[in-house]
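Now for the letters of each chain:
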Amino acid sequence: LKKQPGVDPEHLAAMGYCFGGGVVLHMARMGLDLDGVASFHGSLATNVPAKKGKVKASVLVCHGSDDQFVTAEQIATFKQEMKDAEVDLVFETYRGARHSFTNPDADRLAEELGLPIGYSAEADEASWTELEWFLARIFAEEGWSGARVGMGLTRMALPSKIRKTRPLNRNHNRALNRLGFGS
């Protein structure tokens, strides 16, 4: 990723969905040089918990309240793990959302495969807005306005991409202004 054109190797974030969500959390736990990681309906359990002082990344977790693949015990354990390791954690729970809430094909797959998964347009939209806010915050904290965020082979420019992809409410706009992005 650091060698991709248009990516600033000093300002990186990783995101993952489902298994990939668990992978990016593991990357943070291992202390990889990332500014942030975002997990969408990802696994939270681990055999290698985060250690105080090792995690460099801020962490965003977007979780569906009705996700049957992650137990309440796993959520509590994960939150305590992050607290004990003094990780900058944002844990968002979307009411009524099931596993795979960001996948528009989830309802069809649930029916075909008999899985407890489902798409939620509301949770999908809200979690993407939360990601944009999270990225704006972690890169603004470094004094890096107009951030380019490497996501695989794509680039996302902030804040213009934020304004083009998702309407922000007044509170988000005020917060962006306080972070120096202006309107």
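Residues numbered from 1 in each chain as written. Predicted model: local features only at pLDDT ≥ 70, side-chain atom pairs only at ≥ 80, totals over all residues. Heavy atoms only, no water.

Moving on, we get to the pairing of strand 4 (residues 89-94). Of the pairings in the sheet, the one linking strand 3 (residues 58-64) to strand 4 comprises 6 bridges and is parallel in character. Each bridged residue has a counterpart across the sheet, and for Val-61 the counterpart in strand 4 is Phe-91. Taken together, strand 3, helix 2 (residues 72-84) and strand 4 form a β-α-β motif whose crossover is right-handed. (Pairing = 2+ DSSP bridges. Helix = DSSP H or I, 4+ residues; strand = E, 2+ residues; numbered from the N terminus. Right-handed = clockwise from strand over helix to strand, strands pointing away.)

Where nonpolar side chains cluster on the molecular surface, the patch consists of Phe-69, Leu-113 and Leu-115 and spans about 290 Å² of accessible area. Its place among the elements puts Phe-69 in the loop between strand 3 and helix 2. (Patch = residues over 30% accessible without salt bridge, like charges linked within 9 Å, V, L, I, M, F, W, Y side chains within 5 Å. Areas by Shrake-Rupley, 256 points an atom, 1.4 Å probe, with all protein chains shown as cover. Salt bridge = Lys/Arg side-chain N within 4 Å of Asp/Glu carboxyl O.)

Right, let's get into the nonpolar core. The nonpolar side chains of a soluble globular protein tend to be buried, and buried together. Formed by 21 residues in total, the largest nonpolar core has its most connected members in Leu-25, Val-37, Leu-44, Val-59, Val-61 and Phe-78. Residue contacts for Leu-44: discarding those within four places in its chain leaves Leu-25, Arg-29, Val-61, Val-70, Gln-74, Ile-75, Phe-78 and Phe-91. Of all hydrophobic cores here, the second largest spans 16 residues; its members include Ala-13, Ala-97, Ala-123 and Leu-131. (Core = buried A, V, L, I, M, F, W, Y, C linked by side-chain atoms within 4.5 Å. Buried < 20%, exposed > 50% of the residue type's maximum accessible area, 1.4 Å probe, protein only. Contact = heavy atoms within 4.5 Å.)

For the rest of this paragraph, the subject is the packing of aromatic side chains. Aromatic rings considered in pairs are described by the distance between their centres and by the relative angle of their planes. Counting across every chain of the model gives 3 aromatic pairs. Relative to Phe-91, the ring of Phe-78 lies with its centre 6.2 Å away and its plane at 50°, an arrangement referred to as tilted. Placement of the pair is Phe-78 in helix 2 and Phe-91 in strand 4, with a sequence separation of 13 residues. The lysine or arginine in question, Lys-79, covers the ring of Phe-91, its NZ or CZ lying 4.6 Å from the ring centre. (Phe/Tyr/Trp six-rings, centres within 6.5 Å; stacked < 30°, edge-to-face > 60°. Lys NZ or Arg CZ within 6 Å of the ring centre and 35° of its normal.)

Right, let's get into helix 4 (residues 121-140). Given a rise of 1.5 Å per residue, 20 residues ought to cover 28 Å, and the 28 Å separating the end C-alpha atoms of helix 4 matches this to within 8%. Counting buried positions over the 20 residues of helix 4 gives 16, a clear majority of the element. (Expected span 1.5 Å × (residues − 1).)

Another point: the side chain of Thr-102. As for its placement among the helices and strands, Thr-102 is situated in the loop between strand 4 and helix 3 (106-113). In terms of polar contacts, Thr-102 uses its side chain to reach the side chain of His-41, at 2.8 Å. Other than its neighbours up to four places away in sequence, Thr-102 contacts Tyr-17, Phe-40, His-41, Tyr-119, Asp-124 and Ser-127. (Polar contact = N/O pair within 3.5 Å; in protein donor to acceptor, adjacent residues only side chain to side chain.)

A word on the pairing of strand 2 (residues 36-40). Summarising burial for strand 2: 5 of the 5 residues are buried, a large majority. Of the two faces of strand 2, the one holding Gly-36, Ala-38 and Phe-40 and the one holding Val-37 and Ser-39 are both buried throughout. With 5 bridges joining them, strand 1 (residues 13-17) and strand 2 adopt parallel strand pairing. Bridge pairing links Tyr-17 to Phe-40 in strand 2. As for the winding sense of the linkage, the β-α-β connection from strand 1 through helix 1 (residues 19-29) to strand 2 is right-handed. As paired strands, strand 2 and strand 3 are joined by 5 bridges and run parallel to one another.

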